[in-house]
Amino acid sequence: MHQFTIAELVTGLRNKDFSSTEVTQHYLDRIARLDNTYNSYITVTADIALQQAAAADKRLAAGNAPALCGVPIAHKDIFCTTGVRTSCASKMLDKFIAPYNATIVENYLNSGTVMLGKTNMDEFAMGSSNETSWYGPVKNPWAIDCVPGGSSGGSAAAVAAHLAPAATASDTGGSIRQPAALCGLTGIKPTYGRVSRWGMIAFASSLDQAGILSRTAEDAAILLNDMASYDAKDSTCVERDVPDYTADLHKSLKGLRIGVPKEYFGEGLNPQTAKLVEDAIKVYESLGATIHSVSLPHTHLAVPAYYVIAPAECSANLSRFDGVRYGHRCENPKDLNDLYMRSRSEGFGAEVKRRILVGAYALSAGYYDAYYSKAQKVRRLIKQDFIDAFASVDVILGPTSPSPAFQFGSKTKDPVAMYLEDIYTIATNLAGLPGLSIPCGLVDSKPVGLQLIGNFFAEGQLLNAAHQFQQATHFHQQSAPGIE
Ligand code: GLN
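The rules we used
- Residues numbered from 1 in each chain as written.
- Predicted model: local features only at pLDDT ≥ 70, side-chain atom pairs only at ≥ 80, totals over all residues.
- Heavy atoms only, no water.
- Near = heavy atom within 4 Å.
- Polar contact = N/O pair within 3.5 Å; in protein donor to acceptor, adjacent residues only side chain to side chain.
- Areas by Shrake-Rupley, 256 points an atom, 1.4 Å probe, with all protein chains shown as cover.
- Nonpolar A, V, L, I, M, F, W, Y, C, P; charged D, E, K, R; others polar.
- Phe/Tyr/Trp six-rings, centres within 6.5 Å; stacked < 30°, edge-to-face > 60°.
- Helix = DSSP H or I, 4+ residues; strand = E, 2+ residues; numbered from the N terminus.
- Buried < 20%, exposed > 50% of the residue type's maximum accessible area, 1.4 Å probe, protein only.
- Lys NZ or Arg CZ within 6 Å of the ring centre and 35° of its normal.
- Contact = heavy atoms within 4.5 Å.
- Expected span 1.5 Å × (residues − 1).
- Arc of directions from axis to C-beta.
- Core = buried A, V, L, I, M, F, W, Y, C linked by side-chain atoms within 4.5 Å.
- Bend = angle between axes of the 7 residues up to and from the residue.
- Axes fitted to C-alpha atoms, helices over the stretch in contact; angles between N-to-C directions.
- Parallel < 35°, antiparallel > 145°, perpendicular 65-115°, else oblique.
- Patch = residues over 30% accessible without salt bridge, like charges linked within 9 Å, V, L, I, M, F, W, Y side chains within 5 Å.
- Salt bridge = Lys/Arg side-chain N within 4 Å of Asp/Glu carboxyl O.
- Pairing = 2+ DSSP bridges.
- Right-handed = clockwise from strand over helix to strand, strands pointing away.

## Thoughts on the site of the ligand
Argument step 1. Near the ligand there are 15 residues, and of these Thr172, Gly173, Ser175, Tyr306 and Asp422 occur at the shortest range.
Argument step 2. Within the contact set of the ligand, an oxygen atom lies 3.3 Å away from a backbone nitrogen or oxygen of glycine 174.
Argument step 3. Residue aspartate 422 places a side-chain N or O atom 2.5 Å away from a nitrogen atom belonging to the ligand.
Argument step 4. With the chains in place, 100% of the 290 Å² that the ligand exposes on its own is no longer accessible.
Argument step 5. Class assignment for the residues of the shell around the ligand results in five nonpolar, seven polar and three charged.

Here you go:
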């Protein structure tokens, strides 16, 4: 049963080939048996899952159940879930029980999905390797000595090890697409504002966006239908109808104009990764797309601009963790200052502290103009690059990450090497555009991701391009060795 895609589960549940309770129990058994190897879940919500499955079975029996009714999924532990620990993989929130559901969790609850549990991640979504989690690193099912990517590494490993058919995730600078690439999955980050951020613990609010990790583009389309909604509780959520993202999956790609940015094929890109991306371009040509060279001249400024803007926003967002209202509180504080200092020193890990320090520095009176304000101007230039490119192409194609999964510890001592993992993904967040990653082959038996970037709100077109690629290739059907 764990080999079924979301689309197959939807059909099987409707045809009564199996019940939601059976599928859910099957996944819970697999998690209990296998997840001590991967550490992909922080919390498994077995009781809730079985209750939700029983309720879904009743709805299915009564008829008129929504499409996803009875389908089990996992939620990244960045999304608030009523009555369930929502830790953001931080000691700071280890004992935090959310009093409400994130809007996307609520949306999935309304459509009858079953929550298997909360997945592991980098602490407060800061990282590219899942090594900063308070609950320990997540292992990549393709290579147990390698990272699954981050920050949504738990969601990715859970789906790749078939411990969930799909999972929610979030992407501030690449945290859905890079783990999708490193774990051989499909991962989509929608346009900024397409999906509500309400109840998603904030890292960098102008960049954060929820999305999906799944096995296929078709599954991502089915899931996005229910994840996307207008939400008055998130003032950056765009009031715009949600189309049926499955409607255009089968459209021909004849005449689709694909732009290939020359800046995405320079120094730092693994040559074998580059070769697989070039092979993918040929597949698109054979599907009728036309290929055009484009330029995104400010690409080299994306990582530096991001590492001013994201820490600045994180230093402001994380100021709420003061040991007073919620989160970790130190023992026996001497006075208020001691309470703040020790609660935060004890509650946050090293990478989170580094970001808060960098951010507070960039926002301080003497440096605001030199760093923060400058980075915002660079951000505008990066966005303009994309606007100019989309004047002549429909989709932009390139690698998702510079190389396949790397070994644990190999980049932890050099933050800049780690930050460069997101060199191809970060600009998309700075511009607010949608992007996805799909598998396009293996290098050294490890998956490689192909990135497709779309114009604002062109998720349907992106998913169509990804689905057509998956109809023509088999890369997305490959499972990690030993995962049957
Ligand atoms: N790896 C990037 C960072 O560390 C992006 C993280 C994310 O998208 N949440 O900030």
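## Focus: the packing of aromatic side chains
Argument step 1. A full pass over the atoms with the stated rule returns 16 aromatic pairs.
Argument step 2. For the ring pair phenylalanine 4 and phenylalanine 18, a centre distance of 5.5 Å and an interplane angle of 20 degrees mean the geometry is stacked. Residue phenylalanine 4 is located in the segment before α1 (6-14), and its partner phenylalanine 18 is located in the loop between α1 and α2 (20-38); the two are separated by 14 residues in the primary sequence.
Argument step 3. Arranged with centres 5.9 Å apart and planes meeting at 50 degrees, the rings of tyrosine 361 and tyrosine 371 form a pair that is tilted. Of this pair, tyrosine 361 sits in helix α11 (residues 350-363) while tyrosine 371 sits in helix α12 (residues 368-389), placing them ten residues apart in sequence.
Argument step 4. Since its relative accessible area comes to 37%, tyrosine 371 is described here as partly exposed.
Argument step 5. Within the aromatic cluster, the residues linked to one another by ring pairs are Phe96, Phe124, Phe321, Tyr326 and Phe348.
Argument step 6. Just above the ring of phenylalanine 457 sits the side chain of arginine 240; from NZ or CZ to the centre is 4.1 Å.

## Topic: the side chain of histidine 467
Argument step 1. Inspection of the secondary structure assignment puts histidine 467 in helix α15 (residues 459-472).
Argument step 2. Each residue touching histidine 467, except ones within four places of it in the same chain, is listed here: Ala217, Glu218, Leu249 and His250.

## Observations regarding helix α10 (residues 336-347)
Argument step 1. With twelve residues, α10 should cover 16 Å at 1.5 Å per step; its first-to-last C-alpha distance of 16 Å lies within 8% of that length.
Argument step 2. Those residues of α10 lying buried are Asp338, Leu339, Ser343 and Gly347. Projection of α10 onto a plane perpendicular to its axis shows the buried side chains occupying an angular sector of 130 degrees, all on one side. Along α10, exposed side chains directed more than 90 degrees from the buried face belong to Asn337 and Met341.
Argument step 3. Between a side-chain oxygen at the N-terminus of α10 and the backbone nitrogen of asparagine 337 the separation is 3.3 Å; the capping residue is aspartate 335.

## Focus: the nonpolar core
Argument step 1. Membership of the largest hydrophobic core comes to 149 residues, with the highest contact counts inside it found for Phe124, Tyr284, Phe386, Leu450, Leu452 and Leu463.
Argument step 2. At nine residues, the largest contribution of residues to this core is made by helix α9 (residues 302-317).
Argument step 3. Leucine 452 has contacts with Tyr284, Val395, Ile396, Leu397, Pro434, Gly435, Leu436, Ile438, Leu462, Ala465 and Ala466, leaving out every residue within four places of it along the chain.

## Comments concerning α2
Argument step 1. In the structure, α2 departs most strongly from a straight axis at alanine 32, where the bend amounts to approximately 45 degrees.
Argument step 2. Burial in α2 covers these residues: Ser20, Val23, Thr24, Tyr27, Leu28, Arg30, Ile31, Asp35 and Tyr38.
Argument step 3. Residues of α2 that are buried sit in contact with α1, β1 (41-44), α3 (46-62), β2 (72-76) and β3 (114-119).

## A few points about the packing of helix α7 (residues 217-227) against α15
Argument step 1. Packing of α7 against α15 brings their axes to within 8 Å, and their N-to-C directions diverge by 155 degrees. Classed by the angle they form, the pair α7 and α15 counts as roughly antiparallel. Contacts from Ala217, Glu218, Ala220, Ala221 and Leu224 of α7 reach α15 at Glu459, Leu463, Ala466, His467 and Gln470.
Argument step 2. Broken down by class, the residue content of the contact of α7 with α15 amounts to six nonpolar, two polar and two charged.

## Quick word on a nonpolar patch on the surface
Argument step 1. Together, Val324, Leu336, Tyr340 and Met341 make up an exposed nonpolar region whose accessible area comes to about 370 Å².
Argument step 2. Turning to its location among the elements, tyrosine 340 is positioned in helix α10.

## Some points on the pairing of strand β7 (residues 257-261)
Argument step 1. For β7, a buried count of four out of five residues is recorded, marking the element as mostly surrounded by other parts of the structure.
Argument step 2. Here β7 runs beside strand β8 (residues 290-294); their pairing, made up of five bridges, is parallel. Across the sheet, the residue bridging to isoleucine 258 is isoleucine 291, located in β8.
Argument step 3. Crossover β7 to β8 through helix α8 (residues 271-286) is right-handed.
Argument step 4. Across two bridges, the pairing between β7 and strand β9 (residues 395-399) is parallel. Bridge pairing in β9 places isoleucine 258 opposite valine 395.

## Description of the pattern of salt bridges
Argument step 1. A full pass over the atoms with the stated rule returns 14 salt bridges.
Argument step 2. Between arginine 325 and aspartate 322 there is a salt bridge, with the nearest N and O atoms lying 3.3 Å from each other.
Argument step 3. The exposure class of aspartate 322 is buried, given its relative accessible area of 11%.
Argument step 4. For the salt bridge of glutamate 421 with lysine 411, the shortest nitrogen-to-oxygen distance reads 3.1 Å. With a gap of ten residues between them, glutamate 421 in the loop between α13 (415-419) and α14 (426-431) and lysine 411 in the loop between β9 and α13 connect regions that are remote in the sequence. Each member of the pair, glutamate 421 as well as lysine 411, is classed as buried.

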